[in-house]
Number of protein chains: 2
Amino acid sequence: MAVYTDVAADELAEFLKHYDIGELLSYKGIAEGVENSNFLLHTTAGSFILTLYEKRVAKNDLPFFLGLMTHLASNGISCPQPVKNKSGEALSTLAGRPAAIINFLEGVWPRKPNATHCAGVGEALAKMHLAGKGFAMSRANALSVSGWRPLFEQAASRADEVQPGLRGFIETELDYLEGGVWPKNLPHGVIHADLFPDNVFFLGDQVSGIIDFTFACNDLLAYDVAICLNAWCFESDCSFNVTKARALLAAYGRERELSEAEQKALPVLARGAALRFLLTRLVDFLNVPAGALVRPKDPLEYARKLRFQQGVSSMRDYGIAASGLVA
Amino acid sequence: MAVYTDVAADELAEFLKHYDIGELLSYKGIAEGVENSNFLLHTTAGSFILTLYEKRVAKNDLPFFLGLMTHLASNGISCPQPVKNKSGEALSTLAGRPAAIINFLEGVWPRKPNATHCAGVGEALAKMHLAGKGFAMSRANALSVSGWRPLFEQAASRADEVQPGLRGFIETELDYLEGGVWPKNLPHGVIHADLFPDNVFFLGDQVSGIIDFTFACNDLLAYDVAICLNAWCFESDCSFNVTKARALLAAYGRERELSEAEQKALPVLARGAALRFLLTRLVDFLNVPAGALVRPKDPLEYARKLRFQQGVSSMRDYGIAASGLVA
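Residues numbered from 1 in each chain as written. Chains lettered and ligands numbered in written order. Predicted model: local features only at pLDDT ≥ 70, side-chain atom pairs only at ≥ 80, totals over all residues. Heavy atoms only, no water.

Participant: Help me understand the pattern of salt bridges, please; the structure alone is not making it clear to me.
Facilitator: It is possible for side chains bearing opposite charge to pair when their charged atoms get close. Scanning all chains against the criterion turns up 28 salt bridges over all chains. Between E178 of chain B and R149 of chain B there is a salt bridge; the shortest N-O distance is 2.7 Å. Of the two residues, E178 of chain B sits in helix α5 (residues 166-181) while R149 of chain B sits in helix α4 (residues 145-162), which places them 29 residues apart along the sequence. On the basis of relative accessible area, E178 of chain B is assigned to the partly exposed category, the value being 36%. Bridged by salt links that share partners, the residues R149, D175 and E178 of chain A form one connected network. (Salt bridge = Lys/Arg side-chain N within 4 Å of Asp/Glu carboxyl O. Helix = DSSP H or I, 4+ residues; strand = E, 2+ residues; numbered from the N terminus. Buried < 20%, exposed > 50% of the residue type's maximum accessible area, 1.4 Å probe, protein only.)

Participant: For this particular structure, what's the right way to read the packing of aromatic side chains?
Facilitator: Two aromatic rings are characterised by how far apart their centres lie and by the angle between their planes. This model, assessed by the stated rule, comprises 28 aromatic pairs over all chains. A centroid spacing of 5.3 Å and a plane angle of 45 degrees characterise the contact between F15 of chain A and Y19 of chain A, whose relative ring orientation is tilted. Taking relative accessible area as the criterion, F15 of chain A reaches 6% and is therefore assigned buried. Here F240 of chain A and Y318 of chain A contribute two aromatic rings whose centre-to-centre distance is 5.8 Å and whose plane-to-plane angle is 50 degrees, an arrangement assigned as tilted. Residue F240 of chain A is located in the loop between α6 (221-232) and α7 (242-255), and its partner Y318 of chain A is located in the segment after α9 (299-310); the two are separated by 78 residues in the primary sequence. Side by side, F240 of chain A and Y318 of chain A carry an identical accessibility label, which is buried. Taken together, the ring pairs in this structure connect F234, F240, F308 and Y318 of chain A into an aromatic cluster. A cation over a ring is seen here: R111 of chain B above W109 of chain B, with NZ or CZ 3.8 Å from the ring centre. The lysine or arginine in question, R307 of chain B, covers the ring of F169 of chain B, its NZ or CZ lying 4.3 Å from the ring centre. (Phe/Tyr/Trp six-rings, centres within 6.5 Å; stacked < 30°, edge-to-face > 60°. Lys NZ or Arg CZ within 6 Å of the ring centre and 35° of its normal.)

Participant: I tried to follow the sheet that holds strand β1 (residues 24-29) of chain A on my own but got confused; where do I start?
Facilitator: Across a sheet, paired strands are connected by hydrogen bonds in the backbone, their directions being either parallel or antiparallel. Residue and element names in this part refer to chain A. Spatially, β1-β2-β3-β5-β4 is the arrangement adopted by the five strands of the open sheet, whose pairing is antiparallel. Among the strands making up the open sheet, the edge pair consists of β1 and β4 (92-94). On average, each strand axis in the sheet is tilted by 35 degrees relative to the strand beside it, whichever way the strands run. In this structure, β1 lies alongside strand β2 (residues 37-43), joined through five bridges in antiparallel fashion. By the bridge assignment, G29 is partnered in β2 with F39. Packing against the sheet, helix α1 (residues 9-16) makes contact with β1, β2, β3 (46-52), β4 and β5 (97-103), and its axis sits at approximately 120 degrees to β1. (Pairing = 2+ DSSP bridges. Axes fitted to C-alpha atoms, helices over the stretch in contact; angles between N-to-C directions. Contact = heavy atoms within 4.5 Å.)

Participant: It is not clear to me how the relation of the copies chain B and chain A should be interpreted in this structure. Could you clarify?
Facilitator: What connects the two chain copies is a rotation about an axis and a shift along it. For the pair chain B and chain A, the relating rotation is 180 degrees, the translation along its axis is 0.0 Å, and the fit reaches an RMSD of 0.0 Å. Expressed as an axis order, the relation between the two copies is that of a two-fold axis. When the interface residues of chain B are mapped onto chain A, 100% of them are again interface residues, pointing to one common binding face. (Least-squares fit on C-alpha atoms with pLDDT ≥ 70 in both.)

Participant: Help me understand the sheet that holds strand β3 (residues 46-52) of chain B in this model?
Facilitator: Residue and element names in this part refer to chain B. The antiparallel open sheet is built from five strands, whose spatial order is β1-β2-β3-β5-β4. The open sheet terminates on both sides in strands that have one partner only, identified here as β1 (24-29) and β4 (92-94). The mean angle between the axes of side-by-side strands here comes to 35 degrees, regardless of whether they run parallel or antiparallel. Contacting β1, β2 (37-43), β3, β4 and β5 (97-103), helix α1 (residues 9-16) runs over the sheet at an angle of about 120 degrees to β1.

Participant: How should I be thinking about the environment of S92 of chain A in this particular structure?
Facilitator: Here S92 of chain A shows up in strand β4. Between the C-alpha atom of S92 of chain A and that of D6 of chain A, which follows or precedes it by 86 residues, the distance is 16 Å.

Participant: So what exactly am I meant to see when it comes to the environment of G88 of chain B here?
Facilitator: Residues and elements named next belong to chain B. Structurally, G88 can be placed in the loop between α2 (62-74) and β4. Given a relative accessible area of 41%, G88 falls into the partly exposed group. Sequence separation of G88 and R254 is 166 residues, and the distance between their C-alpha atoms is 38 Å.

Participant: What exactly am I supposed to notice about the interface of chain B and chain A here?
Facilitator: Interfaces are frequently sized by the accessible area removed from exposure as the parts join. With 31 residues of chain B at the contact, the number on the chain A side is 31 residues. Between chain B and chain A, roughly 2,800 Å² of surface is buried when both sides are summed, and carbon and sulfur atoms account for 61% of that area. A salt bridge links R111 of chain B to D6 of chain A; the shortest N-O distance between them is 2.9 Å. Between chain B and chain A we count 13 residue pairs in polar contact (both at pLDDT 80 or more) in total. Only β1, β2 and β7 (200-203) of chain B provide two or more residues apiece to the side of chain B that touches chain A. The element best represented in the side of chain B that touches chain A is β1 of chain B, accounting for six residues. Its residues assigned to classes, the side of chain B that touches chain A comprises 19 nonpolar, six polar and six charged. (Buried area = accessible area lost by both parts, 1.4 Å probe. Polar contact = N/O pair within 3.5 Å; in protein donor to acceptor, adjacent residues only side chain to side chain. Nonpolar A, V, L, I, M, F, W, Y, C, P; charged D, E, K, R; others polar.)

Participant: Can you help me understand the domain arrangement of chain A in this one?
Facilitator: Residue and element names in this part refer to chain A. Domain boundaries in chain A define domain 1 (9-103) and domain 2 (115-318). Using C-alpha coordinates to define each centre, domain 1 is positioned 27 Å away from domain 2. Each partner contributes to the interface: domain 1 provides 20 residues, whereas domain 2 provides 25 residues. Where domain 1 packs against domain 2, one counts one salt bridge. A salt bridge links D61 to R139; its shortest N-O distance comes to 3.1 Å. Linking domain 1 with domain 2 are five residue pairs in polar contact (both at pLDDT 80 or more). (Domains from an automatic or database assignment.)

This is the structure:
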C-alpha cells in the first residue's frame, strides 16, 4: 500500500483550479501502487485518480507513460486517460512532486484469478499490443537481459540469507540466459511489462480496464505474454495450472497470432520473466528502508516459478497442442 | 494508513448480495483509520465505506458505535449512517471479521486547521452533544482517569528511552490528576472522544460531517471540548493559538453554553486529555509490531501540549474573557 506524500486540502483545491474537472468533494489516499502515492478524488464532475510520482520513477519517463495511455485510450483500449490541465499539460507538480490526474476506471481486480480471468487478460494484452502500434515515443526496457546482472550484483552477497543456495541458483540461470539463448528477431512493440492481476480490472467476467503503465516500454511482445503466464497461471502454492495457461494463450492468439518463432521462444522468455521479478523482489526484500510502510513481496515465489519454467520444453507444457496456436 | 485485511472481489460481491446497495463497481483500500481496515466502495447505488473491525476493537462495543451513528444521523448530525442488510442488521461478518457498511460522506479534512475550521468543529461538537441526548445505550470511557495508570504501567520502564525524564514527568502528572482534582458533577453524555482534524470533514468552510466513532463513550461533555482544544488549537511547533481556541470555544458556546463549573474545570480536563493521548501514543510507540504498516504517532507532541496545559489557570489563557462564555 502506498501513500508516501500527503497533500493538504487547500493545496489540492488550488491545484484543481488549473483543471476543468469541477470542485473537490473528497480525496482518499488509496492502498494501491507500490511506487507512487495515489489518491481517489471525488469532484462534482466524477471520480479521478491523482498520482504523485515518487523518487523511484524517473521524471523523464513520465511523458512516455502519459502519452501511451492517451494513445491506447484513443485506440480503443480501456485504460486510464490522463486529464490535461487548462494549459494542455498532462504532467504538473504538486507537493513538490510530478503529478498527474487520470480518470477513474470502475472494476475490481481478481485476488484469485480463474481461467475466465486468464482468458480476459490474454485478450486484453493482445489488443493492447495491437493498439500500441503507431505510438511515436519509445522507451528501452531497463529490466531486460542486460539489466539483470547489475540487479544480481546488488543482491548477490546476501541472497543466501533469503534461501541457502539462492545465489548460485540465480547465477547459473543468469549465465544461461546471457549465453545467447535470448531471442532477438521476434515481433516487438510497446509492452505493459507488469500486467499482474492487480493491474487488470473486471466487471463480472469482462475486463473493464488495464492500469499502471509505470513499467511500460518497447520490447518483444511475447515477453509480455511470458510475464502474464508467470503472474496469472500459477496457484498460490506455485503449482502451474495448464487450464489457465491454455485459456490465456488461446485468447491472446485469437486477437494476435503468436508466430512459430514466438511460440518456440516462449519457455526461455518465461524463464527470463521469472528471473526479472525474482531479482527485483530480492533487491527490494534486502533493502526495506527503516520505517517503510510497504511490505516487500516474496522473492522466493519467483524462484519457484523459475524452477517450473526451467523444466518446460515447449508449448505443450503450457497446455497447447503441438500444432500450436492458430488465430 | 490501514488495510490489515484484504477482501477478494467475489467474496465482497457475494457479501453485497445481502444488501440493497446495487452492484459492486470498485473498491479501494483507503489509508484512513488506524484501528480498522477501510475500503471505499463504488456501487451502482453510490459510494460507501466498508469497515472490517480488527482485533483492537471489542466486538461487544460495535452495536454501540453503529447505534450511535444511526441515532445521531436521525437527529440531524451529518455523520456516516450504517446501512442495514436485508435481515435488518448493521453488523455482519466478512473475511472472518465483524464488518459494517456506512454511507460515504463527501468532504476533506483540514491538514492545517485555521480558526474557521476550529469554529466549525466547536459548533459541530456542541450539536453532537445535544443530539446525543436520548441515545439509549451507554459505554464507559475506558480511557478516563482510572484507565491511565494501567497504561502508564505498560510503558513506564521504557518511557525514558523516548525522552529522558519522561517517566517521572508522567508519574507526577498522574499522581496529581488522581488526587481528587478530577471533576465529578459536570454535565455528561455521549462524547466522541477522538475528534481530531482527520475525523472532521469540510466542504469549503462548512463542516460536512463527523466520522469515526470508535472511541465514543459516555463521559463529561467538557472533556470532549478539552480533547478538541488539544487536537485543534496548537500549531505544529506545539505553540498554543488563542485565536483558534477562542473560535472553537465561542462556537461551541453558541450551541451549548458551557456552565461556570465546566469552564472552571476545563484546564484540568485539558491536562487529562493531554495525558490520555500521551499515554496511548507512548504505549503504541513502544510496541510497534514487527512488519507494522502503520507509523506510530509522536507521543512527545502530547508531552509538550501537557506542559502548556499545566501552566493554564483559567479560561483567560484560552482567550476567553473573565466574564466567560455566554450562549
